[in-house]
Amino acid sequence: MNEKKPAPETHFPPRFIASEVYRSTTYGSSHPLGIPRVSLAMDLCRALGWLNEKNFVDSPRADKAALAGFHDAAYIDAIEIAERDGRLDLDVAQRHHIGINGNPIFDGMYRRPATACGGGLYAARHLAAADGIFYSPGGGQHHGRADHASGFCYFNEPVLSIRELLANGISRVFYVDFDAHHGDGVQDAFADDPRVFTLSIHEAGRWPMVRGGGPGDAGGVDDRAGGVALNMPVPEGFNDSELEFLTESVVLPKIIEFAPDVIYVQAGSDALADDPQSKLRLSNVALWRAVGLVAGATRRLLVSGGGGYNPYAVGRCWSGIWATLNGFEVPDQLPAKAEALLREVNWQHRRGRQPFEHWMTTLADRPNPGPVRDAVREIAGKALTA
Ligand SMILES: [Zn+2]
């Protein structure tokens, strides 16, 4: 008998997971996240002809049981109540860092992050079963803690998604975090867990890292979280050549050494030169290239968003990541429909009052190459011998 093996189930082409909830809810106009991000990236991709009914997934929303895969029930309840009532009792708010430290109470503060988690969990379940590429720009809340909000993050999508992968038979996950801030919440959730390796490239001395501390400080090069983390705190002015150098000389070898089944990439765009929340100087082209290099190292990939506080930069960067994952050509000049979307953006930040013309007319930044400084080489050396 001629036994034909069934073709392995795959989820190609890559899937873009998003939701209108990112358009209809906001952190508030005075908050750094009170800007269009996922909705703008989604609209730009549509205007460029890069989304259709085959590759777009309307994100499911995680229910409370799913969120309890990482978060405490009392914390989940508190966020739900805060969304419903628009307020919380002071002791509850303080216990869970809600309404303070940049984690505002707003309409959508429950359903928005629950949707981000639903998207990640959807991707994780599919990736546990088959090869594929999933892109969920609404995810990547890497600071969220089991029982409290942190750094604008309420529910930690990466942690929930990685836990879901492990619960569904995946044995090794490599997490790469390109956000300008240390991926502390993810690192700590998997500290001492040999199944999950977390690698974070972030700006040295920036929140949440302890500034000027000793060896082992959170996010420092000596912080190994039981040997399953690698941190590369990079200096101000971090440029395209330096990111490429670290990606090729450290990130890719570490991935090969760990031999993961799935790679998760947190692609926050706040390390870009145009972002107001960091002093790193990357072009979006450099980030696309780094994501592309990591994508080439696996057949099962989940890419999320993360930080990003200049709407023009975020929208353009995250659209370009989608192009990278698909091999779409990025046009030199945006078509009129895409340009119009960017011209409609209203950014209250002082850098938004006179936006650069190229933020409206192009997707790709001018590259920012430069010398690979000794400080960066030193970090790579320490990372490789760690
Ligand atoms: Zn960040």
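Data block above holds the structure.
Residues numbered from 1 in each chain as written. Predicted model: local features only at pLDDT ≥ 70, side-chain atom pairs only at ≥ 80, totals over all residues.

J.: Run through the overall build of the protein chain, naming residues and quoting values.
T.: Broken down by element type, the protein chain carries 14 helices and eight strands. For 386 residues, the compact-globule estimate of 2.2 N^0.38 gives 21 Å, and the C-alpha radius of gyration of the protein chain, at 20 Å, lies within 12% of that figure. For the protein chain, the spread of C-alpha atoms along the principal axes amounts to about 60 × 60 × 45 Å. Looking at the protein chain as a whole, 50% of its 386 residues qualify as buried. If you take every contact in the protein chain between residues at least 6 apart in sequence, the share linking residues at least 24 apart comes to 76%. (Helix = DSSP H or I, 4+ residues; strand = E, 2+ residues; numbered from the N terminus. Rg over C-alpha atoms; globule rule 2.2 N^0.38 Å. Buried ≥ 20, exposed ≤ 12 C-beta atoms within 10 Å, placed from the backbone. Contact = placed C-beta atoms within 7 Å.)

J.: How would you sum up the environment of Y309? Please name residues and give values.
T.: Among the secondary structure elements, Y309 is positioned in the loop between β8 (300–304) and α11 (311–326). Sequence separation of Y309 and G268 is 41 residues, and the distance between their C-alpha atoms is 9.7 Å. If we ignore the near neighbours within four places in the chain, the residues touching Y309 are P32, D270, D275, P276 and Q277.

J.: Outline the pairing of strand β1 (residues 15–18), listing residues and values.
T.: Along a regular strand, successive side chains alternate from one face of the sheet to the other. By the alternation rule, side chains of β1 split into R15 and I17 and F16 and A18, which are all buried. Bridge analysis of β1 against strand β3 (residues 132–136) gives two bridges, and the strand direction is parallel. Paired with F16 across the strands is Y135, a residue of β3. Pairing of β1 with strand β2 (residues 56–58) involves three bridges; the strand directions are parallel. Within the sheet, the bridge partner assigned to I17 lies in β2 and is V57. (Pairing = 2+ DSSP bridges.)

J.: Tell me about the environment of G296, residues and numbers included.
T.: Tracing the sequence through the fold places G296 in the loop between α10 (284–295) and β8. On the basis of neighbour count, G296 is assigned to the exposed category, with 9 C-beta atoms found within 10 Å. Sequence separation between G296 and V57 is 239 residues, and the spatial gap between their C-alpha atoms is 23 Å.

J.: So what's going on with the nonpolar core? Residues and values would help.
T.: Taken as a class, soluble globular proteins show a tendency for nonpolar side chains to be buried jointly. Membership of the largest hydrophobic core comes to 106 residues, with the highest contact counts inside it found for V173, Y175, L287 and I321. In this view, L287 contacts F178, A267, S269, L272, L282 and C317; residues no more than four positions away in its chain are not counted. (Core = buried A, V, L, I, M, F, W, Y, C linked by C-beta atoms within 7 Å.)

J.: So what's going on with the packing of α10 against α11? Which residues, and what values?
T.: Where α10 contacts α11, the two axes come as close as 9 Å, and the packing angle between them is 35°. Relative to α11, α10 is oriented so that their crossing is right-handed. Contact residues: N284, L287, W288, V291, G292 and A295 in α10; R316, C317, G320, I321, T324 and L325 in α11. Each residue belonging to the contact of α10 with α11 can be placed in one class, and the counts come to seven nonpolar, four polar and one charged. (Axes fitted to C-alpha atoms, helices over the stretch in contact; angles between N-to-C directions. Left-handed = near helix turned anticlockwise from the far one by under 90°. Nonpolar A, V, L, I, M, F, W, Y, C, P; charged D, E, K, R; others polar.)

J.: So what's going on with unusual backbone geometry? Which residues, and what values?
T.: Across the junction of W207 and P208, the peptide omega takes the value 0°, indicating a cis bond. The backbone of H97 shows a phi angle near 55°, a positive value even though the residue is not glycine. Structurally, H97 is set in the loop between α5 (90–95) and α6 (111–129). Judged by the 18 C-beta atoms lying within 10 Å of it, H97 is partly exposed. Even without being a glycine, A225 presents a positive backbone phi close to 50°. As for its position among the elements, A225 is in the loop between β5 (196–203) and β6 (229–234).

J.: An account of the sheet that holds β5 is needed here, citing residue identities and associated values.
T.: On the basis of which strands lie adjacent, the open sheet formed by eight strands has the order β2-β1-β3-β8-β7-β4-β5-β6 and parallel pairing. Every other strand in the sheet has two partners, leaving β2 and β6 as the edge strands with one partner each. For this sheet, the mean angle separating the axes of adjacent strands, direction not counted, is 15°.

Read these as spatial facts, not as claims about activity.
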